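# Residue-level structural notes
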Amino acid sequence: MNIVANWSYPTAVKLGRGRINELADACKSLGMKKPLLVTDRGLASMAITGHALDVLEEAGLGRAIFADVDPNPNEKNLEAGVKAFRDGGHDGVVAFGGGSGLDLGKAVAFMVGQTRPVWDFEDIGDWWTRASTEGIAPIVAVPTTAGTGSEVGRASVITNSETHVKKIIFHPKFLPGVVIADPDLTVGMPKMITAGTGMDAFAHCLEAYCSPFYHPMSQGIALEGMRLVKEFLPRAYKDGTDIEARTNMMSAAAMGAVAFQKGLGAIHSLSHPIGAVYNTHHGMTNAVVMPPVLRFNRSAIEEKIERAAAYLGISGGFDGFYDYVLSLRAELGVPENLTAMGIGQDRIDELAAMAIEDPSCGGNPVPMTLENTRQLFVDCF
């Protein structure tokens, strides 16, 4: 089944096979004449990236790429990207890749218009109002994985290279003007990345659904996002060329990012410091800590999870849902715990302190303290 769709929510989304060929039109629709394609080092030399650059070049938009981007992008990558943008006289960004390429591309487009340091725009209160909106460059986002949903997000995660803390940088203008969601770009993803990014989408939906804040729109999107992951992630993992599965996983990823406007929780507030300190894959880390967090939150979410389980066709209420998560992880080759991931227990106190400072912890159904968060970390080993 070949799915093609044009959505205008939460921004213009062009979904379907071959739609990367519309990249130049998308750039032109936002007034770009000389875009800079921002991606990560791993993607820089890949055929899908070369094709995207061909499409831009053939349309007279030049052929410029910046790929000095770490798996967990930091402020040094950002400064280098902003310099490349200014030196090249660019007027827009094509953010291309998984979470790291998308996040850094969006941050470059934002920071070319700023004079203050990036940390002044952390997602705290109304810090975003400090930004100058005039110089922010337009963004076209092209996801090549199905996980973070950063292509429809209004924030970027940037790691402070000195403190190893992941910071969420927020501004409404981070939301790309056009998204090209072409499932053909995800076909070559290695199995581990398919699993990790897919579990990231699932974690976004699950945490948004369980968050205690009132946001029924996000609640509904989160529920259907989980259903799409349940139906299509095992298929995409088993057969990377299953385009129907790949397309539905792209939808689920975008839905997860829309849903978590409602909030995230302990899965992410544990995963962010682990990723920042040990450079682990974000989605895979989410998958590893998911069962202990479900147990931790059980008292507050049992009824909600029973409703979700019924919708997902899982019998047995909370216990049935929990067992489903364990079996899905096993099917996708997710490590059983942090020990199996190769992480030691020597820095638990530091990780716990970082976790309760993470913005995600405010959305956890059970309030997180230094004491119970430390114990939660212990349970993850």
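What this report covers is the structure whose coordinates are included nearby.

As a further point, take the pairing of strand β6 (residues 139-143). The buried fraction of β6 is high, at 5 of 5 residues. Of the two faces of β6, the one carrying Ile 139, Ala 141 and Pro 143 and the one carrying Val 140 and Val 142 are both buried. Here strand β5 (residues 92-97) runs beside β6; their pairing, made up of 5 bridges, is parallel. Considered in β6, the bridge of Ala 95 is made with Ala 141. Traced from β5 through helix α5 (residues 99-111) to β6, the parallel crossover comes out right-handed. Bridging between β6 and strand β9 (residues 178-181) involves 2 bridges; their strand directions are parallel.

According to the stated counting rule, one finds 6 aromatic pairs in the structure shown. When the ring of Phe 110 is compared with that of Phe 121, the centres are 5.1 Å apart and the planes differ by 90°; the resulting orientation is edge-to-face. Of this pair, Phe 110 sits in helix α5 while Phe 121 is found in the loop between α5 and β6, placing the two residues 11 residues apart along the sequence. The class for Phe 110 is buried, based on a relative accessible area of 1%. Residue classification places Phe 121 among the buried positions, given a relative accessible area of 1%.

A word on the environment of Glu 58. Among the structural elements, Glu 58 can be located in helix α3 (residues 47-58). It is 15 Å that separates the C-alpha atoms of Glu 58 and Leu 36, two residues lying 22 residues apart in sequence.

This part takes up the packing of helix α4 (residues 75-87) against α5. Two elements in contact, α4 and α5, have axes whose closest approach is 9 Å; the angle formed by their N-to-C orientations is 60°. Compared by their axis directions, α4 and α5 come out oblique. The chirality of how α4 crosses α5 is right-handed. Side by side, α4 and α5 meet where Asn 77, Leu 78, Gly 81, Val 82, Phe 85 and Arg 86 of the first sit next to Leu 104, Ala 107, Val 108 and Met 111 of the second.

Let us look at the nonpolar core. The biggest cluster of nonpolar side chains holds 107 residues, and the ones touching the most others in it are Phe 202, Leu 206, Met 226, Leu 270 and Phe 321. A total of 13 residues in this core trace back to one element, the largest contributor, which is helix α10 (residues 282-312). If we skip the residues at most four places from it in the chain, Leu 206 touches Met 226, Ile 267, Met 290, Leu 294, Ile 305 and Phe 321.

A word on the sheet that holds β5. A sheet is described by the order of its strands in space; here 7 strands give the open sequence β1-β2-β9-β6-β5-β3-β4, paired in mixed fashion. The outermost strands of the open sheet, each flanked by one partner alone, are β1 (5-7) and β4 (65-66). Where strand β3 (residues 35-38) lies against β4, 2 bridges are found, and the strand directions are parallel. Paired with Val 38 across the two strands is Phe 66, which belongs to β4. Contacts between α5 and the sheet are confined to β3, β4, β5 and β6, with β5 contributing the most and set at about 170° to the helix. Sitting on the sheet, helix α8 (residues 243-259) touches β1, β2 (12-15), β6 and β9, and the angle it makes with β2 is about 165°.

With that out of the way, let us pick up the pattern of salt bridges. A complete count under the given rule lists 18 salt bridges for this structure. Shared partners join several salt bridges into a network, and the residues in it are Arg 41, Asp 68 and Asp 70.

This brings us to the environment of Asp 182. Along the chain, Asp 182 falls in the loop between β9 and α6 (191-210). Sequence-distant contacts of Asp 182, that is, excluding residues within four places in its chain, are made with Gly 16, Arg 17, Gly 18, Arg 19, Ile 20 and Met 250. In terms of polar contacts, Asp 182 uses its side chain to reach the backbone amide nitrogen of Gly 18, at 3.0 Å. Here Arg 19 takes part through its backbone nitrogen, which lies 3.0 Å from a polar atom of the side chain of Asp 182.

This paragraph deals with empty space enclosed by the protein. To find leftover empty space, one rolls a probe the size of a water molecule over the atoms. Taken as a whole and judged by the stated rule, the model has 2 cavities of 30 Å³ or more. Approximately 80 Å³ is the volume found for the largest cavity. Within the residue set of the lining of the largest cavity, elements represented by two or more residues are α6 and α10. For the lining of the largest cavity, the leading source of residues is α10, giving 4 residues. For the second largest cavity, the calculated volume is near 40 Å³. Counting residues per element, the ones that place at least two in the lining of the second largest cavity are α6, α7 (216-238) and α8. With 3 residues, α6 is the single largest residue contributor to the lining of the second largest cavity. Within the lining of the second largest cavity, the residues separate by chemical class into 5 nonpolar, 3 polar and 1 charged.

So, how was this worked out
- Residues numbered from 1 in each chain as written.
- Predicted model: local features only at pLDDT ≥ 70, side-chain atom pairs only at ≥ 80, totals over all residues.
- Heavy atoms only, no water.
- Buried < 20%, exposed > 50% of the residue type's maximum accessible area, 1.4 Å probe, protein only.
- Helix = DSSP H or I, 4+ residues; strand = E, 2+ residues; numbered from the N terminus.
- Pairing = 2+ DSSP bridges.
- Right-handed = clockwise from strand over helix to strand, strands pointing away.
- Phe/Tyr/Trp six-rings, centres within 6.5 Å; stacked < 30°, edge-to-face > 60°.
- Axes fitted to C-alpha atoms, helices over the stretch in contact; angles between N-to-C directions.
- Parallel < 35°, antiparallel > 145°, perpendicular 65-115°, else oblique.
- Left-handed = near helix turned anticlockwise from the far one by under 90°.
- Contact = heavy atoms within 4.5 Å.
- Core = buried A, V, L, I, M, F, W, Y, C linked by side-chain atoms within 4.5 Å.
- Salt bridge = Lys/Arg side-chain N within 4 Å of Asp/Glu carboxyl O.
- Polar contact = N/O pair within 3.5 Å; in protein donor to acceptor, adjacent residues only side chain to side chain.
- 1 Å grid on protein atoms, 1.4 Å probe; cavity = no way out; pocket = protein on both sides within 12 Å on 5 of 7 lines; lining within 4 Å.
- Points joined across faces, edges and corners; volume = space filled by probe spheres on them.
- Nonpolar A, V, L, I, M, F, W, Y, C, P; charged D, E, K, R; others polar.

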